[in-house]
Amino acid sequence: MMKYIFAITFLLNTNLTFGQSNSEKDTLISNPNYDKTLSEKLGGDDYGMKSYFLVILKTGTNTTTDKELIAESFRGHMNNINRLVEEGKLIVAGPLGKNDNKYRGIFILNNLKTMEEAKELLQTDLAIKNGILDYEIFTWYGSAALPEYLPLSDKIWKIKP
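Residues numbered from 1 in each chain as written. Predicted model: local features only at pLDDT ≥ 70, side-chain atom pairs only at ≥ 80, totals over all residues. Heavy atoms only, no water.

**What about the overall build of the chain?**
Scanning the chain for helices and strands turns up 7 helices and 4 strands. The order of helices and strands in the chain, counted from the N terminus, is α-α-α-β-α-β-β-α-α-β-α. Counting only residues that meet the buried cut, the chain has 24% of its 161 residues in that class. Summarising the internal contacts of the chain: among those between residues at least 6 apart in sequence, 71% fall at separations of at least 24. (Helix = DSSP H or I, 4+ residues; strand = E, 2+ residues; numbered from the N terminus. Buried < 20%, exposed > 50% of the residue type's maximum accessible area, 1.4 Å probe, protein only. Contact = heavy atoms within 4.5 Å.)

What follows is the structure, given as structure tokens:
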């Protein structure tokens, strides 16, 4: 008789511990603010994340002192940044402070499938093409909501960079 009481007690405890339905478990870990449409629009996974390409721009091998070439290269660099933002392929760009690694700035590239595609896109930057800038590139996993800051950023600058 004691064996049966132990077995029944064990089964009841097991059922109470592991017997939650999937819907009960889902409510314990799901986000009540989840917006499926927005997540799908932004390409977010179940964690609200996605893959990007993080580019660290650094001083290139071209050490020219030709001021006209340098000015033209950086004018092309800025024009390219604006074009890539408009195309939805660049969501973060900016310079870095002085450092020992000769790192100059960063890009976060969006909506690209392969590293090769990202490298081809970087060759459209005149400063990179002319060797004034070079780069290191990494796959980066971050919030799929990152591109959503861009419409707001257009409302807070006084002088166009």
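**Some points on the sheet that holds strand E3 (residues 103-109)**
Across the sheet, which stays open at both edges, the 4 strands sit in the order E2-E3-E1-E4 with antiparallel pairing between neighbours. Two strands close off the open sheet at either side, each with one partner strand: strand E2 (90-95) and strand E4 (133-143). Ignoring strand direction, the axes of neighbouring strands in this sheet form an average angle of 20 degrees. Here E2 runs beside E3; their pairing, made up of 5 bridges, is antiparallel. Paired with Ala93 across the strands is Phe107, a residue of E3. Across the sheet, helix H5 (residues 115-122) lies against strand E1 (49-59), E3 and E4, angled at about 135 degrees from E4, the strand it touches most. (Pairing = 2+ DSSP bridges. Axes fitted to C-alpha atoms, helices over the stretch in contact; angles between N-to-C directions.)

**Section: the pairing of E3**
By the bridge criterion, 6 bridges tie E1 to E3 in an arrangement that is antiparallel. For Lys58, the partnering residue across the bridge sits in E3 and is Tyr103.

**Remarks on the nonpolar core**
Val55, Leu57, Phe107, Leu109, Leu122, Tyr135 and Ile137 are the most contacted members of the largest nonpolar core, which has 18 residues in total. Looking at this core, the elements with two or more residues in it are E1, helix H4 (67-86), E3, H5, helix H6 (126-129) and E4. Discounting chain neighbours no more than four positions away, the residues touching Leu109 are Tyr52, Phe53, Val55, Lys89, Leu90, Ala118, Leu121 and Leu122. (Core = buried A, V, L, I, M, F, W, Y, C linked by side-chain atoms within 4.5 Å.)

**Describing the layout of surface pockets**
Approximately 220 Å³ is the volume attributed to the second largest pocket. Lining of the second largest pocket is provided by 13 residues; of these, Tyr34, Asp35, Leu38, Ser39 and Gly48 occupy positions nearest its centre. Tallying contributions element by element places helix H3 (residues 36-42) first for the lining of the second largest pocket, with 3 residues. Split into classes, the residues belonging to the lining of the second largest pocket amount to 5 nonpolar, 6 polar and 2 charged. (1 Å grid on protein atoms, 1.4 Å probe; cavity = no way out; pocket = protein on both sides within 12 Å on 5 of 7 lines; lining within 4 Å. Points joined across faces, edges and corners; volume = space filled by probe spheres on them. Nonpolar A, V, L, I, M, F, W, Y, C, P; charged D, E, K, R; others polar.)

**A few points about the confidence of the model for the chain**
Of the residues in the chain, 82% have a pLDDT of 70 or more, and the chain-wide mean is 86. Mean pLDDT across the elements of the chain bottoms out in helix H1 (residues 2-18) (49) and peaks in H6 (98). Scored below 50 in pLDDT, residues 4-12 shows 0 contacts in the model against residues more than four places distant or in partner chains. (pLDDT = per-residue confidence, 0-100.)

**Points about the pattern of salt bridges**
Close approach of charged atoms lets side chains of opposite charge pair. Following the criterion strictly, the structure yields 5 salt bridges and no others. The closest approach of N and O atoms between Lys36 and Glu40, which form a salt bridge, is 3.9 Å. With a gap of 4 residues between them, Lys36 and Glu40 both fall in helix H3, about one helical turn apart. Glu40 shares its class with Lys36; the two are exposed. Between Glu136 and Lys58 there is a salt bridge, with the nearest N and O atoms lying 3.2 Å from each other. In this pair, Glu136 sits in strand E4 while Lys58 sits in strand E1, placing the two residues 78 residues apart along the sequence. (Salt bridge = Lys/Arg side-chain N within 4 Å of Asp/Glu carboxyl O.)

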